[in-house]
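Residue-level structure breakdown
Listed below are the residues making up each chain.
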Amino acid sequence: MWRRAVTAALSLGAGAGAVAVASSEDPAATLKVCTHLPPRLLRDSVTAATIAADYKWSLWGLEPGTPAWQSAKHDAHLRSANRLQELCFRNGGIYIKLGQHIAQLEYVVPEEYVQTMRESMLKRCPVSSYEEVRGVFAKDLGESPETFFAEFDPVPLASASLAQVHAARTHDGQKVAVKVQHDHLTDTSVVDIATVDLLVNALHYIFPTFDYRWLVDEVRESAPKELDFLNEAKNSEKCLDNFRRLSPHIAGSIYAPKVYWNLSTSRILTMEFMDAKEVTDVHGIKASGIHPVDVSNLVSKAFAEMIFKHGFVHCDPHAANMMIRPMPQDSGKFFGWKRPQLVLLDHGLYKELDYTTRISYASLWKALVFADAKAIKENSVKLGAGEDLHALFAGVLTMRPWQRVIDPSLDHLVIDRKTTDYSELQNYASLYFSEISELLKRLPRVILLMLKTNDCLRAVNHVLVGGTSLESFMIIGRVSSEAVLDAKRMSNSSFLNRLMIWLEEVMLEARFFGFKLMLCFMQFRKLLPS
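Not measured: the values here are computed from a predicted model.

As for the confidence of the model for the protein
Residues with a pLDDT of 70 or more make up 85% of the protein, whose mean pLDDT is 85. Summarising per-element confidence for the protein, the mean pLDDT is lowest in helix α1 (residues 2-23) (52) and highest in strand β5 (residues 254-255) (98).

This is the structure in C-alpha cells:
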C-alpha cells in the first residue's frame, strides 16, 4: 500500500511540476523551483505514512470511547499535529497557509491540531532576503526599491506566509507600507497544492472518516486570489464602498489603508502606513484612551454588517489583520473613553454569500440568539446540514451544547471558560469527529469559511473581553434580524405585508429594549459587594 502511495506521489508531483514549468512566465526560475519537488514529495509521503501508522498502532485493540482509547487518541493527535507542523515549516509557502487555516478551525478539527498550529503558524513565517525583494521589484517594476522610494527599510516590519511588509517613504514624503510577495511563490503554489492534495487524499484513503478534502479545495480556490495583490487592493476599496452604501451608520468607524496604485503590481502592494494598535493589544488600546469593550462591539458590528447585509466578507480576521486607533478628528469622549476606529488589513481572502445563503444564514443566527429551536432546524436544513445534524451545526457555530443553545435565558450563548461546558467543547472535534466530517461535506464551502471567520472573531473577543460577550450576541441578533426584515420588505411590497413587517419591527425593538434592561441589571449586580 505504501509503495503504491509513494509511486502515486512521484507521478503526481512530476505532472504538477511539468504543469508549473509550462504555465509559468519564467520557466527557468520555475524549473529551478521544481528541483525541490522530490524532497517535498518524500517528506509528504513519510509524514502521511507516519501519521497513519501512529493512529493505527496507538488505537490497536482499544475499545472506542473508553478512557484508555481517549488517552491514546489524544497522544496520537498531539504527535501527529507536531509532525504536520514540522512539515508545514519545512515546505513553507502554501503549507504554512494551510497550517494557519487549521489553526483557525477550532472545534472543527481536533483541539490538539488547533493549539499546535495556533502557537506557531503566525510567529514563524519565512523571511525573504533583501536581494530577493529587489528581485521582485526588478521583475515587476523594472527597477530596485530605491528608484521608487526616497527611503526603503531593507528589514521587514513583519512577515507572513505569502509576503512581508517593509516601511518606506515616497519621494513626496508620505510614509507607506510596502507588501512584497515571497519570490517564486506563484509558481511553487501549483506544486504545493498538488502535494497537499496528495497528503490529504492519502489520509482519507487510509481513514475514510478523515475527510478534509474540502480544505484543500478551499486553498486551491483562494490561493491564486490571495497571491494577486491587485485583487486584494480592489477588495479593500469594495469593502469600504459597501460600508458607505449599505451601512452608513458605522462607515466612519471602518477604515482600510489607501492604496498607491502607481506603486503596486500583482506581487507588490504599496499602502498608507497605519499608526495604530493591533486589535488584541489591550494595554496599548487602553493607553490610547479606548475601552476594549468598545473595540469588541465595533468588531462584532463590522463583521455582522459584512456577513448579513453586504454578503462580501473578509474571511481572515485574525489579530494581525485588524488594528485600532481613535477616531480621527474626533474630540468627543463617552464616559472618558475615545471612540475606536477599526482598520482592516490583508484583504486577499474575501467570500461572497449569494442572496439565498445570506438570508438563510442571517435567519439561522437570529434563531440562535433568540433560542428558537424550530427556526434553527429549518434554516440549518436550508443551508445543507440536514435534519439529523442541525443540532451539531448549531453547536459548532455557537460553541455551546444543544441544551444551552435552546435555553431561553438571556446569556445562553455566552461561553464561560471556567465551566464544564467549555471543557466538553474543547474535545468537541474528537468526540464527534465522524459527524463533523459528514457535516462539513454537506455544507457549502462559503459557510465553512464563515466558521473560520467566527473562530477568528471569537479568539479576538476572548483577548479583549475574556470570552464571548453578551453584547456581541445582541449585536449579531439585531443585525441579522434587520437583514431578515429587509429581505421581507423586498419580497412583498403590499400594504398588508408592510404592516406586518412594521409590527414585527416594533416587537423586535421591544425585545431588544428588554434585553438592554436585563443586561444593565446584570452589570449592576456584578458591581454590588458579594
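Still more to cover.
Looking at the packing of helix α13 (residues 292-310) against helix α14 (residues 355-369)
Where α13 meets α14, the closest approach of the two axes is 8 Å, and the angle between their N-to-C directions is 130°. By the criterion of interaxial angle, the relationship of α13 to α14 is oblique. On α14, the residues that touch I307, F308, K309 and H310 of α13 are R358, Y361, A362 and W365. Here the residues of the contact of α13 with α14 sort into five nonpolar, one polar and two charged.

A word on empty space enclosed by the protein
In the structure shown here, the tally under the stated rule is six cavities of 30 Å³ or more. The space that makes up the largest cavity amounts to roughly 260 Å³. In this structure, the largest cavity is lined by 18 residues; those nearest its centre are W365, N454, L457, F473 and I476. Every element with two or more residues in the lining of the largest cavity is listed here: α13, α14, α16 (390-398), α21 (445-465) and α22 (470-491). Counting residues per element, the lining of the largest cavity draws most heavily on α13, which supplies five residues. Looking at the lining of the largest cavity residue by residue, the classes come out as 10 nonpolar, seven polar and one charged. Computed from the structure, the second largest cavity encloses a volume of approximately 70 Å³. Contributing to the lining of the second largest cavity are V369, L410, D411, H412, L413, V414, L470, F473, M474 and F515. Ranked by residue count, the leading element in the lining of the second largest cavity is α22, at three residues. Of the residues that constitute the lining of the second largest cavity, the class distribution is eight nonpolar, one polar and one charged.

With respect to the pairing of strand β4 (residues 175-181)
It is a general feature of regular strands that their side chains alternate between the two faces of the sheet. The element β4 is largely enclosed, with a buried count of six among its seven residues. Of the strand pairs in this sheet, strand β3 (residues 163-169) and β4 are connected by seven bridges, and their pairing is antiparallel. Residue pairing for β4: H166 is matched across the bridge by V178. The antiparallel hairpin formed by β3 and β4 contains five residues in its connecting segment, where G173 sits at a positive phi of about 90°. Pairing analysis gives five bridges linking β4 to strand β6 (residues 268-272), with the strands arranged antiparallel. Across the sheet, the residue bridging to V178 is T270, located in β6.

A few points about the sheet that holds strand β7 (residues 277-278)
Sheet architecture is open: four strands sit in the order β5-β12-β9-β7, paired in mixed fashion. Strand pairing shows two members of the sheet lacking a second neighbour, β5 and β7, which therefore form its edges. Sheet analysis places strand β9 (residues 322-326) next to strand β12 (residues 340-344), joined by five bridges and oriented antiparallel. Across the sheet, residue M323 finds its bridge partner in β12, namely V343. Sitting on the sheet, α13 is in contact with β5, β9 and β12, with an inclination near 50° to β12.

Details of the environment of G289
As for its placement among the helices and strands, G289 is situated in the loop between α12 (282-287) and α13. Exposure remark for G289: the relative accessible area of 17% places this residue in the buried category. Between the C-alpha atoms of G289 and P340, which are 51 residues apart in sequence, the distance is 9.1 Å. Setting aside residues no more than four positions away along its own chain, G289 makes contact with G336, W337 and K338.

Observations regarding helix α5 (residues 94-103)
Where burial is concerned, most of α5 is hidden: 10 out of the 10 residues are buried. Among the residues making up α5, those that are buried are I94, Y95, I96, K97, L98, G99, Q100, H101, I102 and A103.

Things to note about the packing of aromatic side chains
Scanning the entire structure with this criterion turns up seven aromatic pairs. Each ring, one from F137 and one from F148, has its centre 6.4 Å from the other, and the planes form 35°; the classification is tilted. Taken as a pair, F137 in helix α7 (residues 130-141) and F148 in helix α8 (residues 145-148) lie far apart in primary sequence, 11 residues in all. The exposure class assigned to F137 is buried, which follows from its relative accessible area of 0%. The ring of F273 has K175 lying over it, and the distance from NZ or CZ to the ring centre is 4.1 Å. Note that K238 overlies the ring of F312, its terminal NZ or CZ placed 4.2 Å from the centroid.

Quick word on the side chain of T270
Of note, T270 is situated in strand β6. Of note is the side chain of T270, whose polar atom sits 2.7 Å from the backbone oxygen of L263. Residues in contact with T270, not counting those within four places in the same chain, are F149, V176, A177, V178, K258, V259, Y260, L263 and S264.

Side note on the pattern of salt bridges
For the structure shown, the criterion picks out 33 salt bridges. Of the charged contacts in the structure, one is a salt bridge between R79 and D54, with a shortest N-O distance of 2.7 Å. Highlighted residues: R79 in helix α4 (residues 67-91) and D54 in helix α3 (residues 37-58), separated in sequence by 25 residues. What makes R79 partly exposed here is its relative accessible area of 34%. For D54, a relative accessible area of 9% puts it in the buried group.

What counts, and at which threshold
- Residues numbered from 1 in each chain as written.
- Predicted model: local features only at pLDDT ≥ 70, side-chain atom pairs only at ≥ 80, totals over all residues.
- Heavy atoms only, no water.
- pLDDT = per-residue confidence, 0-100.
- Helix = DSSP H or I, 4+ residues; strand = E, 2+ residues; numbered from the N terminus.
- Axes fitted to C-alpha atoms, helices over the stretch in contact; angles between N-to-C directions.
- Parallel < 35°, antiparallel > 145°, perpendicular 65-115°, else oblique.
- Contact = heavy atoms within 4.5 Å.
- Nonpolar A, V, L, I, M, F, W, Y, C, P; charged D, E, K, R; others polar.
- 1 Å grid on protein atoms, 1.4 Å probe; cavity = no way out; pocket = protein on both sides within 12 Å on 5 of 7 lines; lining within 4 Å.
- Points joined across faces, edges and corners; volume = space filled by probe spheres on them.
- Buried < 20%, exposed > 50% of the residue type's maximum accessible area, 1.4 Å probe, protein only.
- Pairing = 2+ DSSP bridges.
- Phe/Tyr/Trp six-rings, centres within 6.5 Å; stacked < 30°, edge-to-face > 60°.
- Lys NZ or Arg CZ within 6 Å of the ring centre and 35° of its normal.
- Polar contact = N/O pair within 3.5 Å; in protein donor to acceptor, adjacent residues only side chain to side chain.
- Salt bridge = Lys/Arg side-chain N within 4 Å of Asp/Glu carboxyl O.

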